[in-house]
Structure formats: C-alpha cells, structure tokens
Amino acid sequence: MRTAKFETEPFTCPSCIAKIENVVDKLDGVAETKVMFNSSKVKVTFDDTLVTADAIAKSISALGYPVLSHKVAA
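Below, the structure is looked at part by part. (Residues numbered from 1 in each chain as written. Predicted model: local features only at pLDDT ≥ 70, side-chain atom pairs only at ≥ 80, totals over all residues. Heavy atoms only, no water.)

## Some thoughts on helix 1 (residues 15-25)
No. 1: Listing the buried residues of helix 1 in full gives Cys16, Ile20, Glu21 and Val24. Down the axis of helix 1, the buried set is contained in an arc of 120 degrees. They therefore lie on one face.
No. 2: On its buried face, helix 1 sits against strand 2 (30-36), strand 3 (41-46) and helix 2 (53-62). (Buried < 20%, exposed > 50% of the residue type's maximum accessible area, 1.4 Å probe, protein only. Helix = DSSP H or I, 4+ residues; strand = E, 2+ residues; numbered from the N terminus. Arc of directions from axis to C-beta. Contact = heavy atoms within 4.5 Å.)

Shown next, in the form of structure tokens:
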C-alpha cells in the first residue's frame, strides 16, 4: 500500500469532502480517502498494483477540483 497527498485549489464548501471521498473510495485499489478541508489536500491510501496516483488525480480533477500537485510516499 502507498499513500499520496494531492494538493487542490481551495475548497469552497464542506460538501466537497463527501463528494471527493465517495468517488475516490470507489476506485479499485483505494483503501482510504481523507479530505483535509482547511489545507486543500486529499490523502489517499491505495494499492499501486490496482490504481495509479495519476488516475486518482484525474478522478479528483474530473469532479471539478483541479489537482495542482501530488506526492506519493514509498
């Protein structure tokens, strides 16, 4: 399992949290998604044999929350 942190543009409402967590959690290989509202970051724990960090970033961006950068921990 790996963990990635995705930095997005600032969130505008608390409902953003549920929207992102619900969609990303449904991706194959994602174990946990945590949105950090105040810091505009999304932390995702995932199996990199099933899903890539780039695919997760695309799914977050597709929801209307552009990913500015991401970092994957080993």
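## Structural notes on the state of the cysteines
No. 1: According to the stated counting rule, one finds 0 disulfides in the structure shown.
No. 2: For Cys13, which is in no disulfide, the shortest distance to another cysteine sulfur is to Cys16 and amounts to 3.3 Å.
No. 3: Judged by relative accessible area, which is 27%, Cys13 ranks as partly exposed. (Disulfide = S-S within 2.5 Å.)

## Quick look at the packing of aromatic side chains
No. 1: Going through the model one piece at a time under the given rule, you end up with 2 aromatic pairs.
No. 2: With a centroid separation of 6.1 Å and 20 degrees between ring planes, the pair formed by Phe11 and Phe37 is classed as stacked. With Phe11 in the loop between strand 1 (2-8) and helix 1 and Phe37 in the loop between strand 2 and strand 3, the pair connects residues that are 26 residues apart, well separated along the chain.
No. 3: Given the relative accessible area of 9%, Phe11 is considered buried.
No. 4: Each member of the aromatic cluster is reached from another via a ring pair, and the members are Phe11, Phe37 and Tyr65. (Phe/Tyr/Trp six-rings, centres within 6.5 Å; stacked < 30°, edge-to-face > 60°.)

## Remarks on unusual backbone geometry
No. 1: Of note in this structure, Ser40 is not a glycine but carries a positive phi near 55 degrees.
No. 2: The residue Ser40 is located in the loop between strand 2 and strand 3 in this model.

## Thoughts on the sheet that holds strand 4 (residues 67-73)
Hydrogen bonds along the backbone pair up the strands of a sheet, which may run parallel or antiparallel.
No. 1: The strand order across the open sheet formed by 4 strands is 2-3-1-4, and the pairing between neighbours is antiparallel. Strands at the two margins of the open sheet, each flanked by one partner only, are strand 2 and strand 4. Here the average twist between neighbouring strands, direction ignored, is 15 degrees.
No. 2: Pairing between strand 2 and strand 3: 6 bridges, direction antiparallel. Paired with Glu32 across the bridge in strand 3 is Thr45.
No. 3: Strands in contact with helix 1 are strand 2 and strand 3; relative to strand 2, the strand with the most contacts, it is inclined by about 165 degrees.
No. 4: Of the strands in this sheet, strand 1, strand 2, strand 3 and strand 4 are in contact with helix 2, which crosses strand 4 at around 150 degrees. (Pairing = 2+ DSSP bridges. Axes fitted to C-alpha atoms, helices over the stretch in contact; angles between N-to-C directions.)

These figures come from the coordinates and say nothing about function on their own.
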